[in-house]
Amino acid sequence: MNIRHYLRPLLLLATVIALRFHGYAQTSPVQKIFPEGTIVHPNISYANDTLKKHLLDIYLPPSAGNNTPLIVWIHGGAWMLNDKYADMSYMKETIRGFINKGYALASIDYRYSTTAVFPAQIQDCNEALEYLYQHAGEYKIDKHKIALIGFSAGGHLASLLALSANNQVKEFYPAGMAPHFKIKCVLDYYGPADLIALAGSTAAPPDNEPNPLAILLGAAPLKRPDLAKKASPASYVDKDDPPFFIVQGEKDASVPYTQSVLLSSWLTVSGVKNQLTIVPGAPHYGVMFDAENIRQQLFAFLETHLK
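Throughout what follows, the structure given in this document is the object of discussion. Note on numbering: residues in each chain are counted from 1, in written sequence order. Per-residue local features are limited, in this predicted model, to residues with pLDDT of at least 70; the limit for side-chain atom pairs, both in listing and counting, is 80 or more; totals at the level of whole chains, interfaces and linings are taken over all residues. Side-chain measures here rest on the full set of heavy atoms in the structure, leaving out hydrogens and waters.

1. Some words on the packing of helix 3 (residues 92-100) against helix 10 (residues 292-305)
Stage number 1. Axes here refer to lines fitted to C-alpha atoms; in helices the fit is confined to the stretch in contact. Angles between the N-to-C directions go from 0 to 180 degrees. In this text, helices come from DSSP runs of H or I with a minimum length of four residues, and strands from runs of E with a minimum of two, each type numbered from the N-terminal end. Helix 10 packs onto helix 3 with a crossing angle of 30° between their chain directions and a minimal axis gap of 11 Å. In this view, helix 3 runs roughly parallel relative to helix 10, as classed from their interaxial angle. Classified by chirality, the crossing of helix 10 by helix 3 is right-handed. When helix 3 is examined against helix 10, the residues Glu93, Thr94, Gly97 and Phe98 are found in contact with a partner set consisting of Arg295, Leu298, Phe299 and Leu302.
Stage number 2. The residue classification treats Ala, Val, Leu, Ile, Met, Phe, Trp, Tyr, Cys and Pro as nonpolar and Asp, Glu, Lys and Arg as charged. All others, Gly included, are polar. Among the residues making up the contact of helix 3 with helix 10, the classes are represented as 4 nonpolar, 2 polar and 2 charged. Should an angle fall under 35 degrees it is taken as roughly parallel, and over 145 as roughly antiparallel, whereas 65 to 115 is taken as roughly perpendicular and any remaining angle as oblique. Left-handed describes a crossing whose near helix is turned anticlockwise from the far helix through less than a right angle; right-handed describes the clockwise counterpart. Any two residues whose heavy atoms approach within 4.5 Å are treated as being in contact.

2. Quick notes on the packing of aromatic side chains
Stage number 1. In summary, the pairing rule links any two rings of Phe, Tyr or Trp, Trp by its six-membered ring, whose centres are within 6.5 Å, and it sorts them by plane angle into stacked for under 30 degrees, edge-to-face for over 60 and tilted for everything else. Counting across every chain of the model gives 12 aromatic pairs.
Stage number 2. One aromatic cluster in this structure is built from Trp73, Tyr90, Phe151, Tyr189, Tyr190, Tyr285 and Phe289.
Stage number 3. Look at NZ for Lys and CZ for Arg. If either is within 6 Å of the ring centre and within 35 degrees of the ring normal, a charge sits over the ring. One cation-aromatic arrangement involves Lys101 over Phe299; the distance from NZ or CZ to the ring centre is 5.2 Å.
Stage number 4. For the cation-ring pair, Lys307 lies above Tyr103, with the distance from its terminal atom to the ring centre recorded as 4.8 Å.

3. Structural notes on the sheet that holds strand 1 (residues 39-45)
Stage number 1. Pairing between strands requires that DSSP locate at least two bridges from one strand to the other. Spatially, 8 strands are ordered 1-2-4-3-5-6-7-8 in an open sheet, and the strand pairing comes out mixed. Of all the strands in the sheet, just strand 1 and strand 8 (274-279) have a single pairing partner and so form its edges. Along the sheet, successive strands turn relative to each other by an average axial angle of 15°, direction set aside.
Stage number 2. Two elements, strand 5 (residues 141-151) and strand 6 (residues 185-189), share 5 bridges in a ladder whose sense is parallel. When the bridges of strand 6 are listed, Ala147 appears paired with Cys185.
Stage number 3. Its contacts with the sheet place helix 3 against strand 2 (55-60), strand 3 (68-74), strand 4 (104-108), strand 5 and strand 6, and it is angled at close to 155° to strand 3.

4. Some points on the pairing of strand 3
The side chains of a regular strand alternate, first on one face of the sheet and then on the other.
Stage number 1. Among the 7 residues in strand 3, 7 count as buried, and that is most of the element.
Stage number 2. Relative accessible area decides the class of each residue, using a 1.4 Å probe on protein chains only: under 20% of the type maximum gives buried, over 50% gives exposed, and in between gives partly exposed. Because side chains alternate across strand 3, one face comprises the buried residues Thr68, Leu70, Val72 and Ile74, and the other comprises Pro69, Ile71 and Trp73, equally buried.
Stage number 3. Strand direction decides the pairing type here: strand 3 and strand 4, joined by 5 bridges, are parallel. Of the residues in strand 4, the one forming a bridge with Leu70 is Ala104.
Stage number 4. Seen with its strands pointing away from the viewer, a crossover is right-handed if its path from the first strand over the helix to the second goes clockwise. Each parallel crossover has a hand, and for strand 3 linked through helix 3 to strand 4 it is right-handed.

5. Structural notes on the pairing of strand 2
Stage number 1. Within strand 2, 6 of the 6 residues are buried, leaving the element largely enclosed by the surrounding structure.
Stage number 2. Alternating residues of strand 2 divide into Leu55, Asp57 and Tyr59 and Leu56, Ile58 and Leu60, and every residue in both groups is buried.
Stage number 3. As paired strands, strand 1 and strand 2 are joined by 5 bridges and run antiparallel to one another. Paired with Ile44 across the strands is Leu56, a residue of strand 2.

6. What about the pattern of salt bridges?
Opposite charge on two side chains permits them to pair, given that their charged atoms come into close proximity.
Stage number 1. By salt bridge we mean one thing: a side-chain nitrogen of Lys or Arg within 4 Å of a carboxyl oxygen of Asp or Glu. Scanning the model with the defined rule gives 7 salt bridges in all.
Stage number 2. Taking the shortest distance from any N to any O, the salt bridge between Lys84 and Asp57 comes out at 2.8 Å. One end of the pair, Lys84, is in the loop between strand 3 and helix 3; the other, Asp57, is in strand 2, with 27 residues separating them in the sequence.

7. Regarding helix 9 (residues 258-269)
Stage number 1. In this model helix 9 runs 16 Å from its N-terminal to its C-terminal C-alpha over 12 residues, within 8% of the 16 Å that 1.5 Å per residue would give.
Stage number 2. Within helix 9 the residues assigned to the buried category are Gln259, Ser260, Leu263, Ser264 and Leu267. Burial along helix 9 is one-sided: seen end-on, the buried residues are contained in an arc of 130°. Counted as exposed and oriented over 90 degrees from the buried face of helix 9: Thr268 and Val269.
Stage number 3. Tucked into the core, helix 9 has its buried residues touching helix 5 (153-164), strand 6, helix 6 (195-199), strand 7 (244-249) and strand 8.
Stage number 4. Once helix 9 ends, the next one or two residues include Gly271, with phi positive near 80°. What a helix should span is 1.5 Å times the count of its residues minus one. The reported arc concerns the directions from the helix axis to the C-beta atoms and nothing else.

Here it is, written out as structure tokens:
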């Protein structure tokens, strides 16, 4: 399959989502999605600077006590679009379920690949998580019960963060300093797992056609397989990794479902607990991923691995 079959829809999709959420983000997402009474701490700077892409929001259940389990939301957008409200509009019932079942949610921003190439994005994710860990008491968060949820590019970053944590990759940490937090489990929605396999089916697109992978890495994956391997979650799978809940659409035209199958297989052969759901007929994103049967499996998974 020509790589343009995957990358052109990914870029187009990310652009559409970005435009959709541009207007949406100007109003409070709490009013439209989160249950009444949700406690909101918006636009917290996690890197002690003034960058808009170094902000996060925290949402707490109305009756949150101390030590609330935390789920960290990492948005998609081809690593170069969208913001911390993205992916929320089609996951409304899942989000409401998080709050109603007593979980806190933190949604983070990270620098675009068009501004800073990899590993800037994973550095930002690690820094945001470390902030949440260090300030857990202030926000009634249980710093020992942290899960990640990511969508598309966000699924890639969530998986990479969790899987590389015990590999101590200095380049993934701000100032090379390893964080203190540990991830209890990961909820990966259609995130790329192996960037070489994703790009490896044919030659790169023409020079005048944007290539999200090349923009992320600063070079085409097949010309710099060392960079692509370093940025691939599958490169870091080992027996000490946290459990994974993986969901992907059968008809995904942006990230082929074989990426999730591959990640699940690597986790399985390494002895890591994981659960894979391929949604029949589903595309790259949408309300089909907020279906009741998926939510039931998701909350059962969280009940086992986070609470």
